[in-house]
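Chain and residue survey
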4 protein chains.
Amino acid sequence: MIDKRKNDHIFLAASPESQIGDSWLDEVVLVHRALPELDLDDVDTRTTFLGREISMPFIIGAMTGGTELAEKINARLAKAAEELGVPMYVGSQRVGIVKPEARRSFEVVKANAPTVPKIANLGAPQISRLPDDQLLRWAEEAVNMIDAAALAVHLNPAQEVFQPEGEPYFKNVLDRLRFLKRSLRVPLIVKEVGNGISKEVAGLLNGVADIIDVAGAGGTSFVVIEGLRAKEARPELYELAQEFKGWGIPTAAAICEAKAAFKGPVIASGGIRNGLDGAKALGLGADYFSASQPLLKAALDDKVAQAISRMLKELRIAMFLTGAAKVQDLRKAPKVF
Amino acid sequence: MIDKRKNDHIFLAASPESQIGDSWLDEVVLVHRALPELDLDDVDTRTTFLGREISMPFIIGAMTGGTELAEKINARLAKAAEELGVPMYVGSQRVGIVKPEARRSFEVVKANAPTVPKIANLGAPQISRLPDDQLLRWAEEAVNMIDAAALAVHLNPAQEVFQPEGEPYFKNVLDRLRFLKRSLRVPLIVKEVGNGISKEVAGLLNGVADIIDVAGAGGTSFVVIEGLRAKEARPELYELAQEFKGWGIPTAAAICEAKAAFKGPVIASGGIRNGLDGAKALGLGADYFSASQPLLKAALDDKVAQAISRMLKELRIAMFLTGAAKVQDLRKAPKVF
Amino acid sequence: MIDKRKNDHIFLAASPESQIGDSWLDEVVLVHRALPELDLDDVDTRTTFLGREISMPFIIGAMTGGTELAEKINARLAKAAEELGVPMYVGSQRVGIVKPEARRSFEVVKANAPTVPKIANLGAPQISRLPDDQLLRWAEEAVNMIDAAALAVHLNPAQEVFQPEGEPYFKNVLDRLRFLKRSLRVPLIVKEVGNGISKEVAGLLNGVADIIDVAGAGGTSFVVIEGLRAKEARPELYELAQEFKGWGIPTAAAICEAKAAFKGPVIASGGIRNGLDGAKALGLGADYFSASQPLLKAALDDKVAQAISRMLKELRIAMFLTGAAKVQDLRKAPKVF
Amino acid sequence: MIDKRKNDHIFLAASPESQIGDSWLDEVVLVHRALPELDLDDVDTRTTFLGREISMPFIIGAMTGGTELAEKINARLAKAAEELGVPMYVGSQRVGIVKPEARRSFEVVKANAPTVPKIANLGAPQISRLPDDQLLRWAEEAVNMIDAAALAVHLNPAQEVFQPEGEPYFKNVLDRLRFLKRSLRVPLIVKEVGNGISKEVAGLLNGVADIIDVAGAGGTSFVVIEGLRAKEARPELYELAQEFKGWGIPTAAAICEAKAAFKGPVIASGGIRNGLDGAKALGLGADYFSASQPLLKAALDDKVAQAISRMLKELRIAMFLTGAAKVQDLRKAPKVF
Ligand SMILES: Cc1cc2nc3c(=O)[nH]c(=O)nc-3n(C[C@H](O)[C@H](O)[C@H](O)COP(=O)(O)O)c2cc1C
Ligand SMILES: Cc1cc2nc3c(=O)[nH]c(=O)nc-3n(C[C@H](O)[C@H](O)[C@H](O)COP(=O)(O)O)c2cc1C
Ligand SMILES: Cc1cc2nc3c(=O)[nH]c(=O)nc-3n(C[C@H](O)[C@H](O)[C@H](O)COP(=O)(O)O)c2cc1C
Ligand SMILES: Cc1cc2nc3c(=O)[nH]c(=O)nc-3n(C[C@H](O)[C@H](O)[C@H](O)COP(=O)(O)O)c2cc1C
């Protein structure tokens, strides 16, 4: 069952059908600087993440685990992450905790990416009803499984509503996050999965999350994906999902809302498809950017390193053409909307 | 004659041709709340209407009566209203007053929906020239015919202009409404039929109507319907109607205008096609929402309960995803336009 | 030669090719009034023009004269004007002054419309170089030829530029207008021909013109018409005209500019195609509205009275639906843009 | 090699594929003046450039040199420049400096346009690493080669990034420009090549450049041209260029930014395709306007004089219809955006 769901997620996410809406990043324009006062080779994209140097402010998005295909994808993502010096998330690890035989599909990440920062992953509904001790055990298992530098908890209420086997349980989530923040030895990241984090939610997360990842609308839509999964067996769920397929905060708006309300670092994601999108996100104030679907497609083609290299080149060019020698200079680059 | 007109109205209203314009509800966006802090099951859509509890702030729109087909539709609507615990309007009752044999088509509503609040209905032009005693007699007959909890008077000047047998008489309407307000033992609702109520009119109705129903543009258009009815016999009337087919205040605008100027409860209607539209209307400040055409189509298919259930599910989801545990919380949910 | 030009103007103006751009009247929305507090029959469209009562604030636009076809058109327009009680312009009368045999094509207007106000017409470039005495003689001849209640002088610099036989002479025009204002026994109207009057020009005309007619862009375009006339013999003129086909002030903007800067009555024209457009123009503050091309087409079909009657009906409906009992009430009706 | 590149540039630039984006000049509207108070013949387009009278404020854009085809084009451009009394730029002269046999392709300009102001041309990346003495020698050679009245240095960072043989070296450019300003006996012009000059860069150039040429986005795109050149041999470069094809500041925006920040004269260019575009640019505050691609196409057809004459006629008409007797009056003409 979980196997089938995970693989469905992968194939539907890789298809253009699941990519909808508008991240609003096309409306953000970085202003050309005719006189960059530097050579292209002077552009330095390096920065640090969780205390370690990385080659650019980019993180491979949270995707998968739990199946054979997931294992292969995770291994490929991890190899490229290590080769190019970028951090990576894994997908939700509940399956790895409750099904020991699924663990290997996550452990390959540790094996193939020993030095870059890795991020463990759990879902908010799945932890919302766990008592303190069990929650801490789950969190520690998830972290240890991949030798993670941080734990991410994803908030996905829209996905849970339209998922045939969904668990739309969000009572106590804030309380459980506060407990994790107090008890965990690694930093806590709170993320969405494609519907975005508003300024109200970002504000609530101050003092609770160390980092937030907005995962806004405009790229992979789990409302659409779960709707498509339900289409045959539960057509009325598919139709409900259709009404809500535009639901969510466009990524560019979510970045601005999150930066305005949250005091820590913000990761931009959701429909970021190239390094120019990434540069715009950084220009809007994000500290890092992340992408999932393009790397999923690259992993299926065994071309992850090429995809990340191209992302890096595009970021370098955008920095050069705005006269940004260092990543943080992008924030000062003039922009128009 | 009236028979033919009523049935024409039904078939033309059920066809997509009669659905035109834009309610502007698509421009209203409820902001996603990644952290609802409640379970989907915690969402409570119940509220009260005219002192009675109803299962959601939704009212079946005013439609029909007077013919055999109308009787069947009214019976189906009433059954579903009773089953699901929502109020319902009936269509204009003049025919039931002046033609005793037409009464049954309204009385089925009382028979099939004994407990939910029912709303009687008369047209402003038809009452504008009635002296006090006759007006009171008509109003009481209308109320008694369906055991109504309120009487609605509809304002439909645009429809009367383009209706081949139209009665564009709106002099004294305000005076007649004041008389009804003073003399009637049930509350008075004043509604449009698809061209909307402006802030000027909403202001005039303070102290006159207990509740107003904006019935704005963006759904069923009676300018279009009457134009189509005239097409063969009076082509010049059809052409005049074409020039005016965009006439009217989009529902989202009408809600804002009405709430700004009217002190009592406001019902949103006109082009509301699902529970997400309804949630947006409530988010804009409406107290209830109503729909006609989608329920007419459902009644013709004998699927009214399904249509209302789906409306309810969509409302619940929109409430969950904005973190609204109760209906009135929607009003505080952040929105963007 | 003039014969051919006049007839070319008629046939090109009647074709949809000559109708371009956007009057912006579609952006002006009169707000529906659900409670008009009057019957449709109470609407009174009558007003006065040049001291005489007319049946609605509408004027048949300035068009033609000088040829046999023009004579027929003028006769038909005049008959309908008289029948329906609306004023009318004639086309430029120079030809009638310099060619005695052309006079009849204007005199039919006097014969067929003895009582309604008629407006004589001369072109600014044609009078710009006339000395005082000759100018006065021309003006008086034009007025007497049709027993005119006013003389209109048209400003048409864009037309003259692209007209193969054009006379782009606008030096001294203001001086010649001042002389006419001083010397003429009838009021002076200054009008454009489809490119609009700006607030700067409207301001200059204070104290010079008694009335101005904005004749804005969005209907008949003489830049296009003259370009099409030049197409074969002078293709480079046709191409120049193509570059400038969007030139001009949209009628809705011109009305606002003219009302803001000019102290006397303002006639709205240019792309007004029905009584709803007319109502919008009056709503924006115009005192009268006028149309040319639709009446030209009606005249060619011998259906002028029908066209004017429909215009009147549309105006009445727009007044009813905004609760305007009298023409000047339209100005107070709420509008949105 | 350089031969091939130069000819590729010519053929790709002449094709519509290389013309992309939007100069925003279509959004700028010059307001029609119904009463110009002048005759078309009174319009005077003459002005001065670098101290010499020219027939209109127009400059033939910087294009080519170095090949046989370039020589032919330069000769044709020069002949027309001389015939019609307008200044002209030449293309980058490095090739003429380092390859003596290429010199003739520039010298034809001096031979065919002895009296009008000519502008020499060098690229910023090519001079960024030259020591003082060599830089001065290059600049003097470039000026002498065509008897130039000014030297233009072009800033083209986006082109260099996507050019297969590109030199993205912009460190020290400002310093080298300052040296030229101090040492050169002719005025210094700094220009872009189609991505525009922002207010930040315009501000930096105060006291450094005598004149700036914004060369904004909306016409010829060298990002596109270099991408197309790379398509076969380096497909990944072509794809990178595709991501950036919208990069750059639209010309109308660049004019406003440059005028706001730069104290000297500003040349408007980038997508200016006729004299009406030119008039709009002057209306926005530019002192001169320039076009390249339309003249390149005209040169290939041997119709340069006709193209410039048409540009002149369009400018005259725009001046007449805004009541501008002299070029500087355009700046006071009302405009809307
Ligand atoms: C196949 C797939 C599986 C995903 N699974 C998870 C998950 O388990 N946990 C999680 O936090 N996010 C998950 N996501 C969401 C992504 O992390 C990301 O927020 C979302 O896809 C939007 O980014 P994108 O538009 O770049 O794909 C998944 C995404 C994809 C494409
Ligand atoms: C077939 C039909 C008949 C209607 N008859 C009446 C009526 O008799 N009285 C009334 O107040 N409204 C009447 N209406 C108008 C509706 O109450 C409602 O205001 C309008 O249809 C706009 O809502 P909708 O877009 O959801 O259809 C009728 C609507 C339909 C579709
Ligand atoms: C065939 C034709 C001839 C015209 N001739 C004149 C004319 O002689 N004098 C004048 O002032 N306007 C003339 N006009 C311009 C009209 O008066 C009016 O300003 C213009 O057509 C815009 O209005 P419309 O869009 O309703 O046609 C003429 C218009 C047409 C269609
Ligand atoms: C074929 C071609 C070659 C060009 N070469 C140069 C050059 O050598 N130096 C330069 O400053 N600009 C050069 N340019 C850029 C133009 O000067 C101008 O900035 C750009 O083409 C935008 O103007 P347009 O849209 O009118 O073509 C060239 C343009 C073209 C079309």
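Residues numbered from 1 in each chain as written. Chains lettered and ligands numbered in written order. Predicted model: local features only at pLDDT ≥ 70, side-chain atom pairs only at ≥ 80, totals over all residues. Heavy atoms only, no water.

1. With respect to the overall build of chain A
Basically, it comes down to this: Elements are defined by DSSP. Helices are runs of H or I of four residues or more, strands are runs of E of two residues or more, and each kind is numbered from the N terminus. Should any heavy atoms of two residues lie within 4.5 Å, those residues are counted as being in contact. Note on areas: Shrake-Rupley with a 1.4 Å probe; residue coverage comes only from the protein chains shown. Under the convention used here, Asp and Glu are negative, Lys and Arg are positive, and both His and the chain ends fall outside the count. All charge positions are set by atom: Lys at NZ, Arg at CZ, Asp at CG, Glu at CD.
When you go through chain A residue by residue, the secondary structure sums to 16 helices and 12 strands. For chain A, the spread of C-alpha atoms along the three principal axes comes to 55 × 40 × 40 Å. Considering only intrachain contacts with a sequence separation of at least 6, the fraction spanning at least 24 residues in chain A is 77%. Working note: accessible area of chain A is about 11900 Å², and carbon and sulfur atoms make up 50% of it. Between the averaged position of the 42 positive side-chain charges in chain A and that of its 43 negative side-chain charges there is a distance of 2 Å.

2. Structural notes on the site of ligand 2
All names here are of chain B. Our working rule: Neighbouring residues are identified by heavy atoms, a residue being near a molecule or strand if any of them is within 4 Å of it. A 3.5 Å cut-off defines polar contacts: any pair of N or O atoms within that distance qualifies, except that in protein one atom must be a possible hydrogen donor and the other a possible acceptor, and neighbouring residues in sequence count only when both atoms are side-chain atoms.
With respect to spatial proximity, 22 residues lie near ligand 2, and among them Ala62, Met63, Lys191, Thr220 and Arg273 are the closest. In this structure, Gln293 approaches ligand 2 through a main-chain N or O atom, which is 3.1 Å from an oxygen atom. The fraction of the free accessible surface of ligand 2 (600 Å²) that becomes covered by protein chains is 95%. Secondary structure elements with two or more residues in the shell around ligand 2: helix 1 (2-14) and helix 14 (293-300).

3. What about the interface of chain D and chain C?
Put simply, the rule reads: Summed over both partners, the accessible surface that disappears when two parts come together, traced with a 1.4 Å probe, is what is meant by buried area. Put simply, a salt bridge is a Lys or Arg side-chain nitrogen that is within 4 Å of an Asp or Glu carboxyl oxygen. Here the nonpolar group is Ala, Val, Leu, Ile, Met, Phe, Trp, Tyr, Cys and Pro; Asp, Glu, Lys and Arg are the charged ones; every other residue, Gly included, is treated as polar.
Between chain D and chain C, the residue contacts involve 23 residues of the former and 30 residues of the latter. Where chain D abuts chain C, roughly 2400 Å² becomes buried across the two surfaces, and 68% of that area is made up of carbon and sulfur atoms. At the junction of chain D and chain C, the tally comes to 4 salt bridges. Lys171(C) is the salt-bridge partner of Asp42(D), the closest N and O atoms lying 3.1 Å from each other. Remark: the boundary between chain D and chain C carries 13 residue pairs in polar contact (both at pLDDT 80 or more). Considering every element that reaches the side of chain D that touches chain C, the biggest residue donor is helix 15 (residues 304-321) of chain D, with 7 residues. In the side of chain D that touches chain C, the residues fall into 13 nonpolar, 3 polar and 7 charged.

4. Some words on the packing of aromatic side chains
This is how it is decided: Classification of ring pairs rests on two measures: the distance between centres of Phe, Tyr or Trp rings, Trp counted by its six-membered ring, which must be within 6.5 Å, and the angle between planes, read as stacked under 30 degrees, edge-to-face over 60 and tilted in between. Exposure classes here rest on a 1.4 Å probe applied to the protein chains alone. A residue is buried below 20% of its type maximum, exposed above 50%, and partly exposed in between. When the NZ atom of lysine or the CZ atom of arginine is within 6 Å of a ring's centre and also within 35 degrees of its normal, the charge is said to sit over that ring.
Per the stated rule, a full pass over the model turns up 20 aromatic pairs over all chains. Ring geometry for Phe162(B) and Phe244(B): centres 5.6 Å apart, planes at 45°, overall tilted. Residue Phe162(B) is located in helix 7 (residues 157-162), and its partner Phe244(B) is located in the loop between helix 11 (235-243) and helix 12 (251-261); the two are separated by 82 residues in the primary sequence. A residue is classified by how much of its surface remains accessible, and Phe244(B), at 1% relative accessible area, is buried. Look at Phe244(D) and Trp247(D): their rings are 5.7 Å apart centre to centre, the planes differ by 55°, and that puts the pair in the tilted class. Here the two residues Phe244(D) and Trp247(D) agree in accessibility, since each one is buried. In this arrangement the basic side chain of Arg129(C) is found over the ring face of Tyr169(C), its NZ or CZ atom lying 3.6 Å from the centre.

5. Side note on the site of ligand 1
All names here are of chain A. Surveying the vicinity of ligand 1 reveals 21 residues, the closest of which are Ala62, Met63, Lys191, Thr220 and Arg273. Measuring from a nitrogen atom of ligand 1, one finds a backbone N or O atom of Met63 at 2.8 Å. Its free accessible area being 600 Å², ligand 1 has 95% of it covered by the protein chains. Classifying every residue of the shell around ligand 1 by side-chain character gives 7 nonpolar, 11 polar and 3 charged.

6. Regarding the relation of the copies chain D and chain C
Counted only if it meets this: We place the copies in one frame by least squares, fitting the C-alpha atoms of every residue whose pLDDT is at least 70 in both.
When chain D is fitted to chain C, the residual RMSD is 0.0 Å, and the transformation amounts to a turn of 90° plus an axial shift of 0.0 Å. The two molecules are tied by a four-fold rotation axis, judged by turn and shift. Considering only C-alpha atoms, the part of chain D nearest the rotation axis is Phe337(D), at 12 Å.

7. Here we look at the pattern of salt bridges
According to the stated counting rule, one finds 96 salt bridges over all chains in the structure shown. In this structure, Arg176(B) engages Asp132(B) in a salt bridge whose closest nitrogen and oxygen atoms are separated by 2.7 Å. Here Arg176(B) is found in helix 8 (residues 173-183), whereas its partner Asp132(B) is found in helix 6 (residues 132-146), with 44 residues between them in sequence. Classification of Arg176(B) by relative accessible area gives buried; the value is 8%. In this structure, the salt-bridge partner of Lys99(D) is Asp3(D), at a minimum N-O distance of 3.7 Å. A residue pair is termed long-range when its members are at least 10 positions apart, and Lys99(D) in the loop between helix 3 (94-98) and helix 4 (104-112) and Asp3(D) in helix 1 (residues 2-14) qualify at 96 residues. When salt bridges that share partners are traced, they join Lys4(A), Asp8(A), Glu165(A), Glu226(A) and Arg229(A) into one network.

8. Quick notes on unusual backbone geometry
Phi angles above zero are rare outside glycine, and Leu50(B) is one such case at about 50°. A positive phi angle, close to 65°, is found at Trp24(C), a residue other than glycine. Within the secondary structure, Trp24(C) sits in the loop between helix 1 (2-14) and strand 1 (29-30). In this structure Trp24(C) comes out as partly exposed when scored by relative accessible area, which is 43%.

9. A few points about the interface of chain B and chain A
Taken together, the contact between chain B and chain A spans 23 residues of the former and 29 residues of the latter. Interface area for chain B against chain A, summed over the two sides, is near 2400 Å², with a carbon-plus-sulfur share of 68%. For the pair chain B and chain A, the number of links is 4 salt bridges. The shortest N-O distance in the salt bridge between Arg310(B) and Glu239(A) comes to 3.0 Å. For the pair chain B and chain A, the number of links is 13 residue pairs in polar contact (both at pLDDT 80 or more). Here the residues of the side of chain B that touches chain A are counted per class, giving 13 nonpolar, 3 polar and 7 charged.

10. Overview of helix 13 (residues 275-283) of chain C
Residue and element names in this part refer to chain C. Among the 9 residues in helix 13, 9 count as buried, and that is most of the element. Between the side-chain oxygen at the start of helix 13 and the backbone nitrogen of Leu276 there is a gap of 3.0 Å, and the oxygen is on Asn274. Following helix 13 by one or two positions, Gly285 has its phi on the positive side, about 120°.

11. Points about the pairing of strand 6 (residues 118-123) of chain A
Residue and element names in this part refer to chain A. Cut-off, in case you're wondering: When DSSP locates at least two bridges between a pair of strands, those strands are taken to pair.
In terms of burial, strand 6 is a largely internal element, 6 of the 6 residues being buried. On strand 6, burial covers both faces: Lys118, Ala120 and Leu122 on one face and Ile119, Asn121 and Gly123 on the other are all buried. Two elements, strand 5 (residues 88-89) and strand 6, share 2 bridges in a ladder whose sense is parallel. In the sheet register, Met88 faces strand 6, and the bridge partner there is Lys118. By the bridge criterion, 5 bridges tie strand 6 to strand 7 (residues 150-154) in an arrangement that is parallel.

12. With respect to the nonpolar core
Applicable threshold: Among the buried residues, those of types Ala, Val, Leu, Ile, Met, Phe, Trp, Tyr and Cys that are joined through side-chain atoms within 4.5 Å form a nonpolar core.
In this structure, Leu151(A), Leu151(B), Leu151(C) and Leu151(D) are the most contacted members of the largest nonpolar core, which totals 479 residues. Among the elements that make up this core, the one with the highest residue count is helix 15 (residues 304-321) of chain B (11 residues).

13. Remarks on helix 11 of chain B
Rule in force here: By construction, the arc corresponds to the directions joining the helix axis to the C-beta atoms.
Of the residues making up helix 11 of chain B, those classed as buried are Leu237(B), Tyr238(B), Leu240(B) and Ala241(B). Summarising the axial view, the buried residues of helix 11 of chain B lie within an arc of 160°, below the 170-degree limit, and thus occupy one face.

14. Observations concerning the pairing of strand 7 (residues 150-154) of chain D
Residue and element names in this part refer to chain D. Among the 5 residues of strand 7, 5 are classified as buried, and the element is accordingly described as predominantly covered. Pairing geometry for strand 7 and strand 8 (residues 188-191), over 4 bridges, is parallel. Note that in strand 8 the partner of Val153 across the bridge is Val190.

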